[in-house]
Amino acid sequence: MATSDEKETKENTPTVCIVIGMAGSGKTALMQRMNAFVREYKRPSYVMNLDPAVYEVPYEANIDIRDTVHYKNVMKQYGLGPNGGILTALNLFATKFDQAIELIDARRSELEFVFVDTPGQIEVFTWSASGQIITETLAASHPTVLLYVMDTARCFDPITFMSNMTYACSIHYKTKLPFLIVFNKIDVQSHAFAVRWMHNLDDFHEAMKRHQTYQSTLVNALGTVLDAFYQNIQTVGVSAVTGQGTHALFEQIEKCRQQYWTQYKPMIEKKIKQNKEKNEMKLKNEENKTNANNDDHDHDDNDDTTTTDTDTIHAITTQIKKI
């Protein structure tokens, strides 16, 4: 049973929503829609931009990586290309991310949400050390939800759909955090077909019959493999342009928040405890090794002293015999 302190912590901690997705899926547009929604209903929130290469964003960021790291200067200084520049900028920002946490914690009891916009190149954030550090740092102290944004119209092609789902599955199991698939642009294409494919493999296999390529066998097999993933994942359809589905989106975010406390937070605390014990054991082993080396050094010194004393006694004895 939760104590009063734990209950207060749960109620007075903002939900962190990390928005990720393939380039062109509408992440930034969704960020703008969510920001407009919380402002309309007067729900205090922070917005964080982690894309150092973007020229401008359609929302007012409370925390912006561009205020800390100059993307073009990083490229010039280290002789990097666009992706290398973004990755290095994120690495530099991650070294100061504790300051961002302090800004959030300063208004912890007032904020309801913290929305995090990530770079367009999804792999730069999801598979980098800096992305992992930022995600784990946020998740250690705040209920954190990953919003995986998909372009619904593009996913009407079953092969593209399966590519997105495979990537989503890999990110989910890598981060081990509440995961919400957001089918964006439903004003252009309804997401009903995608939900149907997720819950009925026969419908997906039927759609694949129209795409007889060398990939068909692999894609059909992946559909079967991902069946367990589909059963345990939340989905919602929205339109960042019209605002359709925004209420449903925030309802799903609230469900994911509850999942964080009941399912994911215990795992995170267990992992933190294991890492702490591992580090303590490592330090202890290093101390023991250092002490052992010091003892060996002292022993060598004693051996040298004994040898010297023996030589001195032998010399004195020789002199006595001569007398």
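Described below are features of the structure shown in this document. This structure is a prediction, so every number in the text was calculated from the model and none was measured. (Residues numbered from 1 in each chain as written. Predicted model: local features only at pLDDT ≥ 70, side-chain atom pairs only at ≥ 80, totals over all residues. Heavy atoms only, no water.)

## Points about the packing of helix H8 (residues 158–175) against helix H11 (residues 216–225)
Close contact between H8 and H11 brings their axes to 10 Å; oriented N to C, the two are set at 45°. With respect to each other, H8 and H11 are oriented oblique. For H8 against H11, the interelement crossing comes out left-handed. Contact with H8, carried on its side by Pro158, Ile159, Met162 and Thr166, involves Val219, Leu222 and Gly223 of H11 and no other residues of that element. Across the contact of H8 with H11, the residue classes tally to 5 nonpolar, 2 polar and no charged. (Axes fitted to C-alpha atoms, helices over the stretch in contact; angles between N-to-C directions. Helix = DSSP H or I, 4+ residues; strand = E, 2+ residues; numbered from the N terminus. Parallel < 35°, antiparallel > 145°, perpendicular 65-115°, else oblique. Left-handed = near helix turned anticlockwise from the far one by under 90°. Contact = heavy atoms within 4.5 Å. Nonpolar A, V, L, I, M, F, W, Y, C, P; charged D, E, K, R; others polar.)

## Some thoughts on the pairing of strand S1 (residues 15–21)
Most of S1 is tucked away: 7 of the 7 residues are buried. Burial along S1 is two-sided: Thr15, Cys17, Val19 and Gly21 facing one way and Val16, Ile18 and Ile20 facing the other are all buried. Examined bridge by bridge, S1 and strand S4 (residues 113–117) share 5 bridges and lie parallel to one another. Each residue of the ladder has a partner; that of Cys17, found in S4, is Phe115. Pairing analysis gives 6 bridges linking S1 to strand S5 (residues 144–151), with the strands arranged parallel. Residue pairing in the sheet places Cys17 in a bridge with Val145 of S5. (Buried < 20%, exposed > 50% of the residue type's maximum accessible area, 1.4 Å probe, protein only. Pairing = 2+ DSSP bridges.)

## Quick word on helix H9 (residues 192–199)
Looking only at H9, the buried set comprises Phe193, Ala194, Trp197 and Met198. Mapping the buried residues of H9 onto a view down its axis gives an arc of 135°, with all of them on the same face. (Arc of directions from axis to C-beta.)

## Focus: the sheet that holds S4
Judged by pairing direction, the sheet is parallel, and its 7 strands sit side by side in the order S3-S2-S4-S1-S5-S6-S7 without closing on themselves. If you trace the sheet from one side to the other, it starts and ends with strand S3 (63–64) and strand S7 (234–237), each paired once.

## Regarding the nonpolar core
With 54 residues, the main nonpolar core has Ile134, Leu138, Phe161, Met165 and Phe229 as its most contacted residues. Broken down by element, the residue count for this core peaks at 7 residues, all from H8. In this structure, Val47, Tyr59, Val238 and Ile253 belong to the second largest nonpolar core, which totals 24 residues. (Core = buried A, V, L, I, M, F, W, Y, C linked by side-chain atoms within 4.5 Å.)

## Quick look at the packing of aromatic side chains
Here the structure, examined in full by the defined rule, presents 16 aromatic pairs. Centroid distance Trp197 to Phe204: 5.7 Å. Interplanar angle 75°. Geometry classified as edge-to-face. For the pair Trp197 and Phe204, a shared accessibility class is recorded, and that class is buried. Following the ring pairs from residue to residue traces out a cluster consisting of Phe37, Tyr41, Phe113, Phe115 and Phe250. (Phe/Tyr/Trp six-rings, centres within 6.5 Å; stacked < 30°, edge-to-face > 60°.)

## Quick word on the pattern of salt bridges
All chains considered together, the criterion is met by 9 salt bridges. With its nearest N and O atoms 2.7 Å apart, the salt bridge here joins Arg66 to Asp64. What makes Arg66 partly exposed here is its relative accessible area of 27%. Between Arg108 and Asp105 there is a salt bridge; the shortest N-O distance is 3.0 Å. Assessed through its relative accessible area of 32%, Asp105 is described here as partly exposed. Among the charged side chains, a salt-bridge network with shared partners connects Asp151, Arg154 and Lys185. (Salt bridge = Lys/Arg side-chain N within 4 Å of Asp/Glu carboxyl O.)

## Quick notes on the environment of Ile233
Relative to the helices and strands, Ile233 resides in the loop between helix H12 (227–231) and S7. The buried category is assigned to Ile233, whose relative accessible area is 11%. For Ile233 and Cys256, which are 23 residues apart along the polypeptide, the C-alpha to C-alpha distance reads 9.8 Å. Setting aside its immediate chain neighbours within four residues, Ile233 contacts His172, Phe179, Ile181 and Met198.

## Quick word on the environment of Leu111
Mapped onto the elements of the fold, Leu111 is located in the loop between helix H5 (97–106) and S4. When the C-alpha positions of Leu111 and Tyr46 are compared, they lie 7.2 Å apart, and in sequence the two are 65 residues distant. Those residues in contact with Leu111, other than ones at most four positions away along the chain, are Pro14, Pro44, Ser45, Tyr46 and Ile104.

## Considering helix H2 (residues 27–40)
The α-helix advances 3.6 residues per turn, and as a result positions three or four apart in sequence lie on the same side. Its 14 residues place the ends of H2 20 Å apart at the C-alpha level, agreeing with the 20 Å of an ideal helix rising 1.5 Å per residue. Downstream of H2 by a residue or two, Lys42 has a phi angle that is positive, lying close to 50°. (Expected span 1.5 Å × (residues − 1).)

So, to be careful, I would describe these as geometric facts and stop short of saying anything about function.
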